Amino acid sequence: NKVNFVGSYSHGTHVAGIAAAGNNDVKLLSLKILPTVYSDVVDVKNNEMGSFSIVTKPNNLNLVTQDDTQLVKDFNQAVVNAALAQIQEMYSFHNYLNFHKVDVANESFGIGFMQAAEFLATGFVESVGRAPTQEELINVIVLYFQVMKQVGPEMFNVAPNTLFVLAAGN
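Residues numbered from 1 in each chain as written. Predicted model: local features only at pLDDT ≥ 70, side-chain atom pairs only at ≥ 80, totals over all residues. Heavy atoms only, no water.

### Focus: the overall build of the chain
Within the chain one finds 6 helices and 4 strands. Look at the contacts in the chain between residues 6 or more apart in sequence, and 75% of them connect residues 24 or more apart. Summing over all exposed atoms, the chain offers an accessible surface of approximately 11,200 Å²; the carbon and sulfur share of this is 55%. (Helix = DSSP H or I, 4+ residues; strand = E, 2+ residues; numbered from the N terminus. Contact = heavy atoms within 4.5 Å. Areas by Shrake-Rupley, 256 points an atom, 1.4 Å probe, with all protein chains shown as cover.)

Written as C-alpha cells, this is what we have:
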C-alpha cells in the first residue's frame, strides 16, 4: 500500500517522459507540489456496487462523547481552507510556468473520488476523533470538489500561453 501511494506521485513524470520520447529538443522539469503524507488510519474500499465503506483500523483514538457538531463544522471549514490553499499553490506554480514561458504542462493531480475519500476520512478522524458516517464523508467530499470546481479554473488563467494537459482519470 505504501509503495502504491508513493509510486502514484511519479505518474506525471512518467507521462511527460513518454510524451517527450524521441524529441531531443524537449526540456523536462519534474515538480511535486502536493504534500506526500501517508496515513493508514482509515482505508476506504470500493465494492461491487460502486459505493464505499469505511474501515477504521484499531488504534487509541480519543473518541468524542459530547455533541461533536461544532467539530464537524470546523473540519468542513478546514477542508474549504485546504482546497483554497491547494489552488493558491497551483496558482503560484502556474505563474512560475508563465514566467518561464512553458509551452505544455502535464499535470497529474491524482485526486479522484476514492483518493479524496481516503485523505478526507483520515483528516476527519484526526480532527473530530471518530470515523465519519457515510453521509458526513460524502458531504465533505462534495464540498472539497465544489470548491475545486468553482475556484480551480482561475489557476489556469495566470498562464494563458501554456497548454495544460490533465489526465481524464484524475
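### Some points on the packing of aromatic side chains
Under the defined criterion, the tally for this structure stands at 4 aromatic pairs. Here the aromatic rings of Phe75 and Phe124 are separated by 5.4 Å at their centres, their planes lie at 80 degrees, and the arrangement is edge-to-face. Pair noted here: Phe75 is in helix α3 (residues 69–99) and Phe124 is in helix α4 (residues 113–128), with a separation of 49 residues, a long-range link. Given a relative accessible area of 6%, Phe75 falls into the buried group. Classification of Phe124 by relative accessible area gives buried; the value is 1%. Centroid distance Phe119 to Tyr144: 5.4 Å. Interplanar angle 80 degrees. Geometry classified as edge-to-face. Here the residue Phe119 occupies a position in helix α4, and Tyr144 occupies one in helix α5 (residues 134–151), the gap between them amounting to 25 residues. When its relative accessible area of 35% is taken as the criterion, Phe119 is described as partly exposed. Put simply, the rings of Phe119, Tyr144 and Phe145 touch in pairs and so form one group of aromatic residues. (Phe/Tyr/Trp six-rings, centres within 6.5 Å; stacked < 30°, edge-to-face > 60°. Buried < 20%, exposed > 50% of the residue type's maximum accessible area, 1.4 Å probe, protein only.)

### What to know about a nonpolar patch on the surface
On the surface, Val104, Leu163 and Val165 cluster together to form a nonpolar patch covering roughly 260 Å² of accessible area. Here Val104 falls in the exposed class, since its relative accessible area comes to 51%. (Patch = residues over 30% accessible without salt bridge, like charges linked within 9 Å, V, L, I, M, F, W, Y side chains within 5 Å. Salt bridge = Lys/Arg side-chain N within 4 Å of Asp/Glu carboxyl O.)

### Regarding unusual backbone geometry
At Lys101, a position not held by glycine, the phi torsion is positive, near 55 degrees. Secondary-structure assignment places Lys101 in the loop between α3 and β3 (104–107).

### Observations regarding α5
Across its 18 residues, α5 extends 26 Å between first and last C-alpha, which sits within 8% of the 26 Å expected from 1.5 Å per residue. When α5 is considered as a whole, its buried residues turn out to be Glu136, Leu137, Val140, Ile141, Tyr144 and Val147. An end-on view of α5 places all buried positions within 135 degrees of arc, on one side of the element. Every exposed residue of α5 that faces more than 90 degrees away from the buried side is listed here: Glu135, Lys149 and Gln150. (Expected span 1.5 Å × (residues − 1). Arc of directions from axis to C-beta.)

### Re the pattern of salt bridges
The final tally for this structure, using the stated rule, is 1 salt bridge. A salt bridge links Arg130 to Glu136; its shortest N-O distance comes to 2.7 Å. The buried category is assigned to Arg130, whose relative accessible area is 19%.

### Some points on α3
The first and last C-alpha atoms of α3 sit 45 Å apart over 31 residues, in line with the 45 Å expected at 1.5 Å per residue. Taken as a whole, α3 has its buried residues at Val72, Phe75, Val79, Val80, Ala83, Gln86, Ile87, Met90, Phe93, His94 and Leu97. At its buried positions, α3 is contacted by β3, α4, α5, α6 (154–157) and β4 (163–166). Of the residues flanking the end of α3, it is Lys101, one or two places downstream, whose phi is positive at about 55 degrees.

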